[in-house]
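Residue-level listing of the chains:
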Amino acid sequence: MSRVALITGGQRGIGYAVAKALTEAGWQVAIAAPVPGDDADIVAALDGLGETARHYRHDVTDIAGHSGLLDRIAADLGPVTTFVSNAGVSAKIRGDMLDMAPDSFDAVMDVNLRGAFFLAQEAAKRMIDLPTEPYRSIAFITSVSATMVSIERAEYCISKAGAAMMAQLFAARLAPHGIGVFELRPGIIETAMTAGVKDKYTPRIEGGLVPAARWGQPADIASVVVPLAEGRLAFSTGATIPVDGGLSIPRL
């Protein structure tokens, strides 16, 4: 049976780097994003990923459509054996949490928690029925914001804290079936999502905020996903892996 990976938000940033790394390691890759096939990011991603990758238009908030998405992938590539829950959104507006509007809170939770949970749920139920080879896994891309406070984007931090617990729950539920579940916590990563705060964070990173003294790159996360997906850390299911250059290390 083929190794098939579904990556939400796989058309750019961290998701694309993960898709690229898995493709190069022999996976067939499905990237799911709520944009049409002629979207510039999709066209560029498929061009870079090659013939073993396909795009599926899907919004993770469309819970009723999760089953259909997995059906389409299975018909085209085979059943999903690796699911990388990567799609996420940040706060609509960075600002005082005391001024946060309910619509911003809801929008972040719909993608980062509700949509992510129910797609993982559907993927997990199908993985249980698959053979034990190839290795089956789920990786949740969360954030150091699961435990590090940013009061100007409280809804994002809350969603990532919830996603961290979600990873633990799936790990415990799926361990008896030999399905590995992992949480990766990126730090300050240079992507389109962080472009607006680059000038703010660059001097802080250079000043010691990140012990590694550099911005993280999407490839840093991708390099961790591959060995997890290959089952090389199978008995470490439930592990939370910081990918942050030391940012989350408590220091005096």
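My aim in this report is to walk through the structure given alongside it, one point at a time. Bear in mind that the values here come from a model prediction, so they are computed numbers and not experimental data.

## What to know about the pairing of strand 6 (residues 179–186)
- Burial within strand 6 is extensive, with eight of its eight residues counted as buried.
- In the sheet, strand 5 (residues 136–141) pairs with strand 6 via six bridges, with the strands oriented parallel. By the bridge assignment for strand 6, F140 is matched with E183.
- Crossover strand 5 to strand 6 through helix 5 (residues 154–174) is right-handed.
- Bridging between strand 6 and strand 7 (residues 240–243) involves four bridges; their strand directions are parallel. Paired with E183 across the bridge in strand 7 is T240.

## Focus on the packing of aromatic side chains
- Throughout the structure, instances matching the rule amount to three aromatic pairs.
- Both rings, one in F117 and one in F170, keep their centres 5.3 Å apart while their planes meet at 50°; by these two values the pair is tilted. Here the residue F117 occupies a position in helix 4 (residues 102–128), and F170 occupies one in helix 5, the gap between them amounting to 53 residues.
- Overall, the relative accessible area of 29% leaves F117 in the partly exposed class.
- Among the residues examined, F170 registers a relative accessible area of 8% and is labelled buried.
- Ring plane angle 35° and centroid distance 5.7 Å describe the contact between F140 and F170, whose orientation is recorded as tilted. Of the two residues, F140 is situated in strand 5 and F170 in helix 5; the sequence distance between them amounts to 30 residues.
- Three or more aromatic residues joined by ring pairs form one cluster here, namely F117, F118, F140 and F170.
- R3 extends its terminal NZ or CZ atom over the ring of W27, reaching a point 3.9 Å from the ring centre.

Cut-offs applied
- Residues numbered from 1 in each chain as written.
- Predicted model: local features only at pLDDT ≥ 70, side-chain atom pairs only at ≥ 80, totals over all residues.
- Heavy atoms only, no water.
- Buried < 20%, exposed > 50% of the residue type's maximum accessible area, 1.4 Å probe, protein only.
- Helix = DSSP H or I, 4+ residues; strand = E, 2+ residues; numbered from the N terminus.
- Pairing = 2+ DSSP bridges.
- Right-handed = clockwise from strand over helix to strand, strands pointing away.
- Phe/Tyr/Trp six-rings, centres within 6.5 Å; stacked < 30°, edge-to-face > 60°.
- Lys NZ or Arg CZ within 6 Å of the ring centre and 35° of its normal.

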